[in-house]
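Understanding the architecture of this molecule
Now for the letters of each chain:
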Amino acid sequence: MNDTPQQALAAAARARGVALSALSRMLGRNQAYLGQFVNRGSPRVLPERERRMLADFLAIDEALLGAPPLVSDDVAVPWLAVQAAAGVAQIADERVLRTERLPRAALRGAGVSPEAASVIWVSGDSMAPTLRDGDRLLVDRATREIAGRGGIYVVRRGEAVVVKRLVPRGDAVEIRSDNPLWPAEHVPLTEIEVVGRATLLLRRL
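Described below are features of the structure shown in this document. Model, not experiment: these values are computed from the prediction.

Calculation notes
- Residues numbered from 1 in each chain as written.
- Predicted model: local features only at pLDDT ≥ 70, side-chain atom pairs only at ≥ 80, totals over all residues.
- Heavy atoms only, no water.
- Axes fitted to C-alpha atoms, helices over the stretch in contact; angles between N-to-C directions.
- Helix = DSSP H or I, 4+ residues; strand = E, 2+ residues; numbered from the N terminus.
- Left-handed = near helix turned anticlockwise from the far one by under 90°.
- Contact = heavy atoms within 4.5 Å.
- Polar contact = N/O pair within 3.5 Å; in protein donor to acceptor, adjacent residues only side chain to side chain.
- Core = buried A, V, L, I, M, F, W, Y, C linked by side-chain atoms within 4.5 Å.
- Buried < 20%, exposed > 50% of the residue type's maximum accessible area, 1.4 Å probe, protein only.
- Phe/Tyr/Trp six-rings, centres within 6.5 Å; stacked < 30°, edge-to-face > 60°.
- Lys NZ or Arg CZ within 6 Å of the ring centre and 35° of its normal.
- Salt bridge = Lys/Arg side-chain N within 4 Å of Asp/Glu carboxyl O.

Our focus in this paragraph is the packing of helix α1 (residues 5-16) against helix α4 (residues 48-58). How two helices sit against one another is set out by the angle between their axes and by the gap between those axes. It is at 10 Å that the axes of α1 and α4 come closest, and there the two elements cross at 35°. At the point where α1 passes α4, the crossing takes the left-handed sense. Each of Leu-9, Ala-12, Ala-13 and Arg-16 in α1 lies in contact with α4, whose residues at this interface are Leu-54, Phe-57 and Leu-58.

Turning our eyes to something else, we now look at the environment of Thr-99. Mapped onto the secondary structure, Thr-99 falls in strand β3 (residues 96-103). In the structure, Thr-99 is positioned 23 residues away from Ala-76 in sequence and 5.5 Å away in space, judged by C-alpha atoms. In this structure, Thr-99 is in contact with Asp-61, Ala-76, Val-77, Pro-78 and Trp-79, ignoring residues within four places of it in sequence. A polar side-chain atom of Thr-99 sits 2.9 Å from a polar atom in the side chain of Asp-61.

One finds Leu-9, Leu-23, Leu-34, Leu-46, Leu-54, Leu-58 and Leu-65 to be the most contacted residues of the largest nonpolar core, which totals 15 residues. Put simply, the parts of the chain that give this core at least two residues each are α1, α3 (33-40) and α4. Ignoring anything within four residues of it in the chain, the contact list for Leu-23 reads Leu-9, Ala-13, Val-18, Leu-34, Leu-54, Phe-57 and Leu-58. Counting 13 residues, the second largest nonpolar core, distinct from the first, contains Ile-120, Leu-137, Ile-152 and Val-195.

Evaluation of the coordinates by the stated rule reveals 1 aromatic pair. Lying across the ring of Tyr-33, Arg-29 places its NZ or CZ 4.4 Å from the centre.

Turning our attention to the pattern of salt bridges. For the coordinates displayed, the defined rule picks out 12 salt bridges. The salt bridge partner of Glu-50 is Arg-29, with a shortest N-O separation of 2.7 Å. Pair noted here: Glu-50 is in helix α4 and Arg-29 is in the loop between α2 (20-26) and α3, with a separation of 21 residues, a long-range link. In this structure Glu-50 comes out as buried when scored by relative accessible area, which is 4%.

Quick look at unusual backbone geometry now. That bond from Ser-42 to Pro-43 is cis: its omega, 5°, falls within 30 degrees of zero. Within the fold, Pro-43 resides in the loop between α3 and α4. Of note, the bond from Ala-128 into Pro-129 is cis; its omega dihedral lies within 30 degrees of zero at 5°. You can see Pro-129 is positioned in the loop between β4 (117-123) and β5 (136-140). Notably, Ala-59 is not glycine yet its phi reads approximately 55°, a positive angle. Looking at the secondary structure, you find Ala-59 in the loop between α4 and β1 (74-85).

Right, dumping it as structure tokens:
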């Protein structure tokens, strides 16, 4: 038997170790708001904005909280637990946290097939102002060859994953940061693995 959205929210909050009252305040509501949703079924359905905020924070699929089924123009893109460091490199963790619902037209406009698409977080400020800490990126894992003029790519170096601007230099690559406080690097191509090209910035204002 599938959990109700109320049961799913309560379970996810317990697993994260956060009180429903704290989650209610995060939403800008009074502290009893989510307790009433879980225990009394009021409101009957969480508004989309609140549902997405909770899904993001609790790292669960929005469908568990009552999101409507995918329509024909939506694609469920895996949201990975990877934080591509725009700063100090971090160890990669490529578990799928949940799925992100994106319009098929957005993927088509970005030139990304649904099978090759994934969403990751950006962590750090080395790519500011182009990319900000907490931004999400749509990554095209089918495009791993660095374009002649360069571009922004997600790159694995050892066990760490970073997002940088890459410019090919023969058998080497120049790794640039858009933040001028971060110096450029020149490394052999053999020292990096291109995970994919960053194709679409998903910034939630």
